[in-house]
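# Close look at the chain arrangement
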Amino acid sequence: MARKISCLGDNIIPPAHVGVIMDGNGRWAKKRGLPRKFGHREGAKNFRSITKHAKAVGIDYITFYAFSTENWKRPKEEVDAIMDLFEKYLDEVEDFIEENIRIRFIGDRSQLKPSLQAKMRHTEETSKDFDAMTLVLAINYGGRDEICHSVKTLAEQVKRGELEPQDITEDMIERNLYTEEIPPLDLVIRPSGEQRLSNFMIWQAAYAEFYYTNILWPDFRVNDFDKAILDFCERNRRFGGI
Ligand code: IPE
Ligand code: IPE
Ligand code: MG
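Residues numbered from 1 in each chain as written. Chains lettered and ligands numbered in written order. Predicted model: local features only at pLDDT ≥ 70, side-chain atom pairs only at ≥ 80, totals over all residues. Heavy atoms only, no water.

- An unreviewed UniProt entry lists the protein under the name Isoprenyl transferase, with Ruminococcus albus as the source organism.
- Per its UniProt entry, the protein bears the Sequence similarities (unreviewed entry) comment "Belongs to the UPP synthase family." (UniProt positions renumbered as here; feature names shortened; annotations may be inferred.)

Below you can see the structure in the form of structure tokens.
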């Protein structure tokens with residue numbers, strides 16, 4: 001595939017895969033004296049504009065961390081509000097479809113409402129041949145859960161006598177992750193001032209660059225995204241070499 005020209009300039013080689021930990025929705029709402037769910041609503045709006053902009057920047061894959069396997073610990077009312085937002089957004093994905101953006105989901109779907117699961121399947125199916133960019137949504141996703149899931153699949157193969165334990169490779173573990181055929185992360189952006197992964201793509205982020213900012217996710221704009229990309233372009237990645 002010919003190299004995409006980035007809206008940031010023809011000499012810019014953007015990261016192939018960017019991960020975004022959408023954090024700070026609750027604090028954004030609290031600062032305004034609003035219930036937390038208003039922060040999630042504002043955050044969801046923002047996710048749309050950043051996605052479209054990422055395509056113009058020339059990103060191939062963008063993954064948004066939307067709901068973690070640990071987020072079930074939150075009050076039911078908040079979890080329900082977040083799940084309702086997912087359904088609403090999946091009803092309105094036409095504009096991504098128009099933009100030729102493929103949509104994929106990672107995470108354990110089995111615990112999600114059947115109506116949401118059906119919408120996820122439909123969205124993936126409708127967009128499967130689109131190739132301008134891939135948008136990955138991590139819903140009920142946990143990095144540890146994902147590795148555990150991969151290891152169980154390989155253990156089943158060992159049990160059936162199809163695989164010897166000593167023949168297990170990193171590549172096999174990788175191929176059984178939810179991110180099959182999605183490249184490793186080049187850059188992880190986390191707004192809101194927290195400097196941690198919170199179980200986000202712990203395998204795929206092994207050699208990722210990190211970019212943190214104090215801006216809360218609903219206030220994070222396309223120019224903040226550009227700043228992160230330009231910062232990434234200045235980094236010297238060595239992957240263990242010299
Ligand atoms: C991120 O915002 C969204 C989800 C985890 C679903 P938060 O809800 O974690 O916002 P803060 O961190 O409490 O401000
Ligand atoms: C990480 O944010 C999960 C998502 C953004 C979906 P959290 O707000 O749940 O992370 P912690 O609890 O601060 O580590
Ligand atoms: Mg948070």
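Okay, back to it.
## Concerning the environment of Ile101
- Looking at the element boundaries, Ile101 is found in strand 3 (residues 101-106).
- Taking C-alpha positions, Ile101 is 9.8 Å from Asp60, a pair spaced 41 residues apart along the chain.
- If we ignore the near neighbours within four places in the chain, the residues touching Ile101 are Thr51, Lys55, Phe96, Ser127, Phe130, Met133 and Leu135. (Helix = DSSP H or I, 4+ residues; strand = E, 2+ residues; numbered from the N terminus. Contact = heavy atoms within 4.5 Å.)

## Side note on unusual backbone geometry
- With phi around 70°, Glu181 is a residue other than glycine that occupies positive phi space.
- With respect to the helices, strands and loops of the structure, Glu181 is situated in the loop between helix 7 (170-175) and strand 5 (187-190).
- Positive phi is not limited to glycine here, since Asn199 has a value of about 70°.
- Secondary-structure assignment places Asn199 in the loop between strand 5 and strand 6 (209-212).

## Thoughts on the nonpolar core
- Counting residues in hydrophobic clusters, the biggest one holds 37 residues, and the most contacted among them are Val18, Ile59, Ile62, Phe64, Leu135 and Phe225.
- For this core, the leading source of residues is helix 3 (residues 76-91), giving five residues.
- Setting aside chain neighbours within four positions, we find Val18 in contact with Ile59, Tyr61, Ile62, Thr63, Leu185, Leu187, Ile189, Phe225 and Ile229.
- Counting residues in each nonpolar core, the second largest holds 15 residues, with Val136, Tyr178, Leu185 and Ala208 among its members. (Core = buried A, V, L, I, M, F, W, Y, C linked by side-chain atoms within 4.5 Å. Buried < 20%, exposed > 50% of the residue type's maximum accessible area, 1.4 Å probe, protein only.)

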